[in-house]
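# Notes for the structure review
Listed below are the residues making up each chain.
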Amino acid sequence: MPKGEKHKYLNNKQLAKRCLNYFMPYKFRIFVAFISMGVVAAATAATAYLIQPAMDDIFINKDKEALLLIPIAFVGVMLAKGIFRFLQVYLMNTTGLKVLEVLRNELFAKIVCLPMRFFEQSQVGMLMSRILNDVAEIRQSLPSFVMLIREVVTIIALVGLVFYRDPYLAFWAVLVLPLAIYPFIHFGRKLRKLGRKNQSKISDINSLLQESFSGIKVIKAFANEKLESDRFTLENGRLVQIAVKQILNSELSSRFMEIVGALGVGLVLWYGGVQVIEGKSTPGTFFSFIAALIMLYEPVKKINSANMSIQRAFAGAERVFEILDSKDIQIEESGTVEFSGPFKKLEIKDLSFSYPGSEEYALKGVDLTVNAGQKIAIVGPSGSGKTTLVNLIPRFYDTTEGEVILNGLPHDQYTLKSLRLSLGMVSQENFLFNSTVRDNIAYVQHSSPDEEVINAAKTAFAHEFIEALPEGYETMVGERGVRLSGGQKQRLTIARALMKNPSLLILDEATSALDTEAERIVQMALENLMKDRTSIVIAHRLSTVLSADVILVMHQGKIISRGSHKELLNSCPLYTKLYKMQFEED
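Before going further, it helps to spend a moment on the overall build of the protein chain. Secondary structure assignment for the protein chain yields 21 helices and ten strands. For the protein chain, with 586 residues in total, the buried portion stands at 47%. In the protein chain, the proportion of contacts linking residues at least 24 apart, taken out of those at least 6 apart, comes to 78%. Per element, the accessible surface of the protein chain, about 30,000 Å² overall, is 59% carbon and sulfur.

Turning our attention to the sheet that holds strand β10 (residues 558–563). The strands making up a sheet associate through backbone hydrogen bonding, with each pair oriented either parallel or antiparallel. Sheet architecture is open: six strands sit in the order β6-β7-β8-β3-β9-β10, paired in mixed fashion. With partners counted over all chains shown, the strands left at the sheet margins are β6 (423–427) and β10, one partner each. Each neighbouring strand pair of the sheet contributes to a mean axis angle of 15 degrees, computed without reference to strand direction. Pairing of β6 with strand β7 (residues 504–508), which is carried by five bridges, proceeds in the parallel orientation. Each bridged residue has a counterpart across the sheet, and for Leu-423 the counterpart in β7 is Leu-504.

This brings us to helix α15 (residues 450–459). Those residues of α15 not exposed but buried are Val-453, Ala-456 and Ala-457. All buried residues of α15 lie within an arc of 100 degrees about the axis, which places them on one face of the element. Where α15 is buried, its residues touch α14 (437–441), α16 (463–467) and α17 (486–500). Looking one or two residues beyond α15, the residue adopting positive phi is Phe-461, at roughly 55 degrees.

A few words on the sheet that holds strand β2 (residues 363–371). With antiparallel pairing, four strands are arranged side by side in an open sheet as β2-β1-β4-β5. Of all strands in the sheet, those bounded by a partner on one side alone are β2 and β5 (409–410). Alignment of strand β1 (residues 345–353) against β2, held across six bridges, turns out to be antiparallel. Its bridge partner being in β2, Lys-345 is matched across the sheet by Asn-371.

In this fold, Gln-246 is placed in helix α10 (residues 225–277). The residues touching Gln-246, leaving out its near neighbours within four places in the chain, are Leu-191, Leu-194, Gly-195 and Asn-198.

Formed by 35 residues in total, the largest nonpolar core has its most connected members in Leu-103, Leu-107, Ile-111, Ile-138, Val-320, Phe-321 and Leu-324. Where this core is concerned, the elements lending two or more residues are α1 (12–21), α2 (27–60), α3 (64–111), α5 (124–138), α6 (141–165) and α11 (283–325). By residue number, the principal contributor to this core is α11, which donates nine residues. Other than its neighbours up to four places away in sequence, Leu-324 contacts Arg-18, Tyr-22, Leu-103, Glu-106, Leu-107 and Lys-110.

With respect to burial, strand β8 (residues 534–538) is a largely interior element, five of its five residues being buried. Of the two faces of β8, the one lined by Thr-534, Ile-536 and Ile-538 and the one lined by Ser-535 and Val-537 are each fully buried. Where strand β3 (residues 375–379) meets β8, four bridges bridge the pair, whose relative direction is parallel. In the strand pairing of β8, Ile-376 is matched with Ile-536. Across five bridges, the pairing between β7 and β8 is parallel.

This part covers α17. An α-helical segment advances 3.6 residues per turn. Residues three or four places apart therefore align on the same side. For α17, with 15 residues, the first-to-last C-alpha span of 22 Å sits near the 21 Å given by 1.5 Å per residue. Burial analysis of α17 places 13 of its 15 residues in the buried class, which makes it a mostly covered element. Asn-501 lies just past α17 and shows a positive phi near 50 degrees.

What follows deals with the packing of aromatic side chains. By the definition in use, this model includes nine aromatic pairs. Pairing Phe-353 with Tyr-397 gives two aromatic rings, centres 5.6 Å apart and planes at 55 degrees, and the pair type is tilted. Taken as a pair, Phe-353 in strand β1 and Tyr-397 in the loop between α12 (386–392) and β4 (401–406) lie far apart in primary sequence, 44 residues in all. Between Phe-433 and Tyr-443, the ring centres sit 4.6 Å apart and the planes meet at 20 degrees, which makes this aromatic pair stacked. Highlighted residues: Phe-433 in the loop between β6 and α14 and Tyr-443 in the loop between α14 and α15, separated in sequence by ten residues. Taken together, the aromatic side chains of Phe-353, Tyr-355 and Tyr-397 make up a single cluster linked through ring pairs. The positively charged end of Arg-18 is found above the aromatic ring belonging to Phe-321, 4.4 Å away from the centroid.

With that settled, consider the pattern of salt bridges. Going through the model one piece at a time under the given rule, you end up with twelve salt bridges. As a salt-bridge pair, Lys-201 and Asp-204 come within 3.4 Å of each other at their nearest N and O atoms. Of this pair, Lys-201 and Asp-204 both sit in helix α8 (residues 181–214), three residues apart, which is roughly one turn of the helix. The exposure class assigned to Lys-201 is buried, which follows from its relative accessible area of 13%. Classification of Asp-204 by relative accessible area gives partly exposed; the value is 29%. Note that Arg-420 is salt-bridged to Glu-332, the shortest N-O span being 2.8 Å.

A few words on the confidence of the model for the protein chain. On average, the protein chain scores 81 in pLDDT, and the residues at 70 or more come to 89%. For the protein chain, per-element mean pLDDT is lowest for helix α19 (residues 542–546), which scores 68, and highest for β1, which scores 92. Under a pLDDT of 50 for its full length, residues 1–7 has, in the predicted model, 18 contacts with residues more than four places off or in other chains.

What counts and how
For every chain, the first residue of its written sequence is number 1, and the numbers climb from 1 along that sequence. Where totals are concerned, whole chains, interfaces and linings use all residues; where local detail is concerned, this predicted model gives features only for residues with pLDDT of at least 70, and gives and counts side-chain atom pairs only at 80 or more. Values shown for side chains rest on all heavy atoms present in the structure; no hydrogens or waters enter the calculation. Runs of H or I in DSSP of at least four residues are treated as helices and runs of E of at least two as strands, each being numbered from the N terminus. For the exposure calls, accessible area comes from a 1.4 Å probe over protein chains only, and a residue counts as buried if that area is under 20% of its type's maximum, exposed if over 50%, partly exposed in between. Here a residue-residue contact requires only that any non-hydrogen atoms of the pair lie within 4.5 Å. For the area figures, the Shrake-Rupley method with a 1.4 Å probe applies, and any residue is considered shielded solely by the protein chains shown. Two strands are counted as paired when DSSP detects at least two bridges linking them. Each axis is a line fitted through C-alpha atoms, and for a helix only the stretch in contact is used; angles between axes span 0 to 180 degrees, taken between their N-to-C directions. Starting at the helix axis, one direction is taken to each C-beta atom, and the arc is that of these directions. Among buried residues, the Ala, Val, Leu, Ile, Met, Phe, Trp, Tyr and Cys ones that are joined through side-chain atoms within 4.5 Å form a nonpolar core. To estimate how far a helix should reach, multiply one less than its number of residues by 1.5 Å. Aromatic pairing here means that ring centres of Phe, Tyr or Trp (its six-membered ring) are within 6.5 Å. Orientation follows from the plane angle: under 30 degrees is stacked, over 60 is edge-to-face, and everything else is tilted. Remark: a charge is flagged as sitting over a ring if the NZ atom of Lys or the CZ atom of Arg is within 6 Å of the ring centre and within 35 degrees of the ring normal. Between Lys or Arg on one side and Asp or Glu on the other, a salt bridge is scored when a side-chain nitrogen of the former is within 4 Å of a carboxyl oxygen of the latter. Each residue gets a pLDDT score, which is the predictor's confidence in that residue and runs from 0 to 100.

Next comes the structure, spelled out in structure tokens:
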């Protein structure tokens, strides 16, 4: 959840209904599981019932027919219980896994379609935790709920049996059951709260791990392994503290239930023993009663355990539905018109923009027209708004004021997919996926013929070094392309842009992070990419500026001057200063 946003927690009834909706497509499996649950509950009561004829008929009356029938009946009851218990557990757990799959798919599908501002305000580790850990907790909601119902049915069956055996004795036995309600409610509430804290802390640790491993080079460069280890130790210790509290409350709840059960059994043993000694009851009836009573307290404890699992599931559900249901977290709005090209004209009119949560404008009153075939260069000091401006064209952000018009239509009327596929972007952040060279080049369309991929690589001056890799185009590039040099990664991103065959090209200081030799090769690749295309270039090299049709000079979010290189040298002091600082060495 982005910082600063609050989420109103759903109550148990709302969360239960929300979770159960995901299980409804599997209602037949759930129905069979419920039938199996009923058989298991009945078999439990039948086991206790068989103790009375076993004691009285076999051991006291020495009935040989009973000696044959009762063991067979007992084996049959246990066989039925085993078969239907297997069915119930198997069906509910596999259903839970299917729901887990659906929820993770749904959550990822929404998160990946959220606007850029969401990712700027959220930690990657937190998002990973929601998809992996929180969703896994929801999986337990229905199986635990079914277990809870099964134990309730078992209790009803066993209570019926003890009242059937001896109503007066049963009254004293179940008199203490209301005491079991206290731990069920009190500890359940505490465990829900602790579960929420536990999931939140797991998110924090995921974020810390993701940040540390991604920035391992910086950690080592500053010899700060000890500092990062201490940070992890602190967060891990806090997670353990929460887990200790969870165990404490879970065990206190279970032990309280056992004491309640012991009180009931103690009363029955005393009173029932008196009844047997005085001849008012048979040993078989008494032991059947005791067995049913002992079995009765077992499901009461299991209900408590099921409640704990449900509370943990609800804690995870709160955090998942926080993203799925929040009105503040909406996917990017797409238009309805398909952009089919070719590019004719881009107009930016009186555009102003401020980042979410910021009161200052990053862009103020920007006006710009780009005609087909033009090459526009943008220069300016760091923080002048150059990258912000080009990021508004593919709608990575929506404008605060003003509008962007593409081929005569406001660009928010185009579908996001068609708009972004019509644009080619190459920046200094040359991100590659941990996949093969081929897959990275053909990212726009994985089914592209090998010939197209190779042609794009040749045009980007990448084919030669790719062929020299251990497995050529099937070589894995590593996370973020770590196995390749900066120049090699940049040439792959250029090849990837070529595969889109974009109508409008945007280059954001695409060579600024490279050494001189790599920059020379990448610049040739960029020139191939820009050939016969309209392009907007955030300038780094002098040659790019000199060949541009129009150069824009930006400062503090405004375009303060525009013209050719010679015109700006004579009319714009800031451009002259930038020229001397950045370009004169060329």
